[in-house]
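# Fold and geometry: a report
Listed below, chain by chain, are the residues.
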Amino acid sequence: MARIDKEGITVLGKTVEDSMNEQIKNELFSAYQYLSMAAYCESENLPGFAQWMRSQAQEETVHAMKFYDFVLERNGRVVLRAIDGPLVEFGTPLEVFERALEHEKKVTAQINDLYGVAAKENDYASQTFLQWFVTEQVEEEKNAGDVVETLKMVGDKSEALFLLDRELGQRRVEEQPAD
Ligand SMILES: [Fe+2]
Ligand SMILES: [Fe+2]
């Protein structure tokens, strides 16, 4: 339920606020996980894969900040939580991207749950805000899934892996338009 503070301003409800604080942590964990994957790719002499993962990590930080700023805009309180350690060892580049896809599916479920909380609380502003993330998750799962499929085709052909590394290395984070 939305709260009204003493100045008559609508304040983010406690339940939604709590879930958004949890999601700030989840997005920062995602960034941490992708940075760890980038480090693994560097150690495997795959700088293009590492660049792709670095860009992914940067995007996750942007996601965390979107939640952070939204909580503040709604006169809520941002309370940061402890971030778990990421996976650090992977068997193959394919495993890295399979884990990434698995992770994004988990995040999709988190966003859907959060949307459910906002709907239950009749918080329409949060539902509108969360729609961007619902769409983003479709893209996130597709991006990781596409690389998984390509890596399965690459198999153990080192020349194809080299070319894919070059291609993935083209990825850069787009400049965020100023509001
Ligand atoms: Fe994200
Ligand atoms: Fe993501």
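Residues numbered from 1 in each chain as written. Chains lettered and ligands numbered in written order. Predicted model: local features only at pLDDT ≥ 70, side-chain atom pairs only at ≥ 80, totals over all residues. Heavy atoms only, no water.

### Section: the overall build of the protein
A tally of regular secondary structure across the protein gives five helices and two strands. In sequence order, the secondary structure elements of the protein are arranged as β-β-α-α-α-α-α. Viewed in the frame of its principal axes, the protein has a C-alpha envelope of about 65 × 30 × 20 Å. Taking the contacts inside the protein whose residues are at least 6 apart along the sequence as the reference set, 78% of them involve residues at least 24 apart. (Helix = DSSP H or I, 4+ residues; strand = E, 2+ residues; numbered from the N terminus. Contact = heavy atoms within 4.5 Å.)

### Digging into the pattern of salt bridges
Tallied over the full model, the rule gives 11 salt bridges. The partner of glutamate 22 in a salt bridge is arginine 81, and the shortest N-O contact between them spans 2.5 Å. Of the two residues, glutamate 22 sits in helix H1 (residues 14-43) while arginine 81 sits in the loop between helix H2 (47-73) and helix H3 (93-120), which places them 59 residues apart along the sequence. Note on glutamate 22: relative accessible area 27%, which makes it partly exposed. For arginine 81, a relative accessible area of 30% translates into the label partly exposed. A salt bridge links arginine 171 to glutamate 59; the nearest nitrogen and oxygen atoms lie 3.4 Å apart. Of the two residues, arginine 171 is situated in the segment after helix H5 (158-168) and glutamate 59 in helix H2; the sequence distance between them amounts to 112 residues. As far as burial versus exposure is concerned, arginine 171 and glutamate 59 are alike and both buried. A single salt-bridge network, built from bridges that share partners, covers Asp18, Glu22, Lys25 and Arg81. (Salt bridge = Lys/Arg side-chain N within 4 Å of Asp/Glu carboxyl O. Buried < 20%, exposed > 50% of the residue type's maximum accessible area, 1.4 Å probe, protein only.)

### Section: the coordination of the iron ion (ligand 2)
The protein atoms donating to the iron ion (ligand 2) are Glu60 (OE), Glu104 (OE), Glu104 (OE) and Glu140 (OE), with metal-donor distances spanning 2.0 to 2.6 Å. Here the iron ion (ligand 2) is ringed by four donor atoms whose angles at the metal span 52 to 148 degrees, and the overall shape comes out irregular. Of note, the donors binding the iron ion (ligand 2) are all from one chain and are spaced E-x43-E-x35-E. Between the iron ion (ligand 2) and the iron ion (ligand 1) the interatomic distance amounts to 3.3 Å, and glutamate 60 serves as a bridging ligand to the pair. Remark: glutamate 104 occurs in helix H3 and glutamate 60 occurs in helix H2; sequence separation between them is 44 residues. Across the pair, glutamate 104 and glutamate 60 agree in class, each one buried. (Donors = N, O, S within 2.8 Å, 3.2 Å for Na, K, Ca; no water. Tetrahedral: all angles 85-135°; square planar, octahedral: opposite > 155°, others 65-115°.)

### Considerations on the environment of leucine 161
Position of leucine 161 among the secondary structure elements: in helix H5. Between the C-alpha atom of leucine 161 and that of leucine 46, which follows or precedes it by 115 residues, the distance is 8.9 Å. Beyond its immediate sequence surroundings of up to four residues, leucine 161 is in contact with Leu46, Phe49, Leu151 and Val154.

### A few points about H5
Within H5 the residues assigned to the buried category are Leu164, Asp165 and Leu168. Down the axis of H5, the sector holding all buried residues measures 105 degrees, keeping them to one side. Across H5 from its buried face, at more than 90 degrees, point the exposed residues Glu159, Arg166 and Glu167. Buried residues along H5 sit against H2, H3 and helix H4 (124-154). (Arc of directions from axis to C-beta.)

### Notes on the environment of glutamate 104
Residue classification places glutamate 104 among the buried residues on the basis of a relative accessible area of 1%. A C-alpha to C-alpha distance of 22 Å links glutamate 104 and glutamate 175, two positions 71 residues apart in sequence. Filtering out sequence-adjacent residues up to four positions away, glutamate 104 remains in contact with Tyr34, Gln56, Glu60, Gln137, Glu140 and Glu141.

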